[in-house]
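# Topology and contacts: notes
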Amino acid sequence: VRAGNQAEKLRPVVDRILAKITGGQPLPEDEVDGVAFKQLGPISICWVGDDLVVTLGPNVLHDVLQTVKGMDVSIAKNQRVAKIRGKTMGGREFLMAHLNVEELIKQAPMPPEDRKEFKDAGLESVASVHLSIAPDAPGVKTMLYAHTPGGPEGVLRLLPAAPLNEKKMLARVFPRAR
């Protein structure tokens, strides 16, 4: 997250959120590439200048830190992310988040009973989730995309395959909004 001139206001907010999550217990700390980070389960959290960096583990944090430090390991150039961006906003987004669900499951395995519910719901078919927010006059367009290489399973089959058009939906509800 590029906090810019809001970083000093955002830092205490992040600290309060983490304190609520942990019940006030300090998080384990470590270091990658000379940058101290806190570990919350499989999630690594740190500040690099005015950038809040949140990743799935120290290995991903290393890659992100290379990007933040100006080296060319950009997530936007990742082949999987690039394919998904083509299905969402195609590079017009001003905010993008990508969660590699397969990697998350590898790093934070579930108990067998939770895994069964996860599979029954069809969530096991999701390889990654991608969020894009782009300008779309007069506002913004938000798209959440679940990448299911083998096709959606379980309750995911109930969702429409095509993206929802928020403007058209609102225009039907509020005709004066056109």
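Here we summarise the structure given alongside this text. (Residues numbered from 1 in each chain as written. Predicted model: local features only at pLDDT ≥ 70, side-chain atom pairs only at ≥ 80, totals over all residues. Heavy atoms only, no water.)

When you go through the protein residue by residue, the secondary structure sums to six helices and seven strands. Going from N to C terminus, the protein has its helices and strands arranged as α-β-β-β-β-α-α-β-α-α-β-β-α. A burial count over the protein gives 28% of its 178 residues as buried. A separation of at least 24 residues holds for 49% of the contacts in the protein among residues at least 6 apart in sequence. Split by element, the accessible area of the protein, about 12,000 Å² in all, is 58% carbon and sulfur. (Helix = DSSP H or I, 4+ residues; strand = E, 2+ residues; numbered from the N terminus. Buried < 20%, exposed > 50% of the residue type's maximum accessible area, 1.4 Å probe, protein only. Contact = heavy atoms within 4.5 Å. Areas by Shrake-Rupley, 256 points an atom, 1.4 Å probe, with all protein chains shown as cover.)

Tracing the backbone through its elements, the reader meets Glu93 in the loop between helix H3 (79-87) and strand E5 (95-100). For Glu93, a relative accessible area of 12% corresponds to the buried category. Remark: the alpha-carbon pair of Glu93 and Asp136, spanning 43 residues in sequence, is separated by 9.9 Å.

Time to look at the pairing of strand E6 (residues 128-136). Here E5 runs beside E6; their pairing, made up of six bridges, is antiparallel. Note on E6: the bridge partner recorded for Leu95 is Ile133. As paired strands, E6 and strand E7 (residues 139-147) are joined by nine bridges and run antiparallel to one another. When the sheet's bridge partners are listed, Pro135 is paired in E7 with Val140. (Pairing = 2+ DSSP bridges.)

With that out of the way, let us pick up the pattern of salt bridges. The full count for this structure, using the stated rule, is three salt bridges. Across the pair Arg11 and Glu8 runs a salt bridge whose closest N-O atoms are separated by 3.3 Å. Taken together, the positions of Arg11 and Glu8, both in helix H1 (residues 7-22) and three residues apart, correspond to about one turn of that helix. Relative accessible area serves as the criterion here: at 23%, Arg11 is assigned to the partly exposed category. What makes Glu8 exposed here is its relative accessible area of 58%. (Salt bridge = Lys/Arg side-chain N within 4 Å of Asp/Glu carboxyl O.)

The next subject is the sheet that holds E5. Overall, antiparallel pairing links the three strands, which are arranged E5-E6-E7 in an open sheet. Among the strands making up the open sheet, the edge pair consists of E5 and E7. Pairwise comparison of adjacent strand axes, ignoring direction, gives a mean angle of 10 degrees for this sheet. (Axes fitted to C-alpha atoms, helices over the stretch in contact; angles between N-to-C directions.)

Another point: a nonpolar patch on the surface. Together, Val13, Ile17 and Ile21 line one region of the surface with nonpolar side chains, adding up to about 250 Å² of accessible area. Within the secondary structure, Ile21 sits in helix H1. Under the relative-accessibility criterion, Ile21 is labelled exposed at 54%. (Patch = residues over 30% accessible without salt bridge, like charges linked within 9 Å, V, L, I, M, F, W, Y side chains within 5 Å.)

Below, the discussion takes up the packing of aromatic side chains. Per the stated rule, a full pass over the model turns up zero aromatic pairs. Looking at Arg11, its charged tip hangs above the ring of Trp47, at a distance of 4.4 Å from the centre. (Phe/Tyr/Trp six-rings, centres within 6.5 Å; stacked < 30°, edge-to-face > 60°. Lys NZ or Arg CZ within 6 Å of the ring centre and 35° of its normal.)

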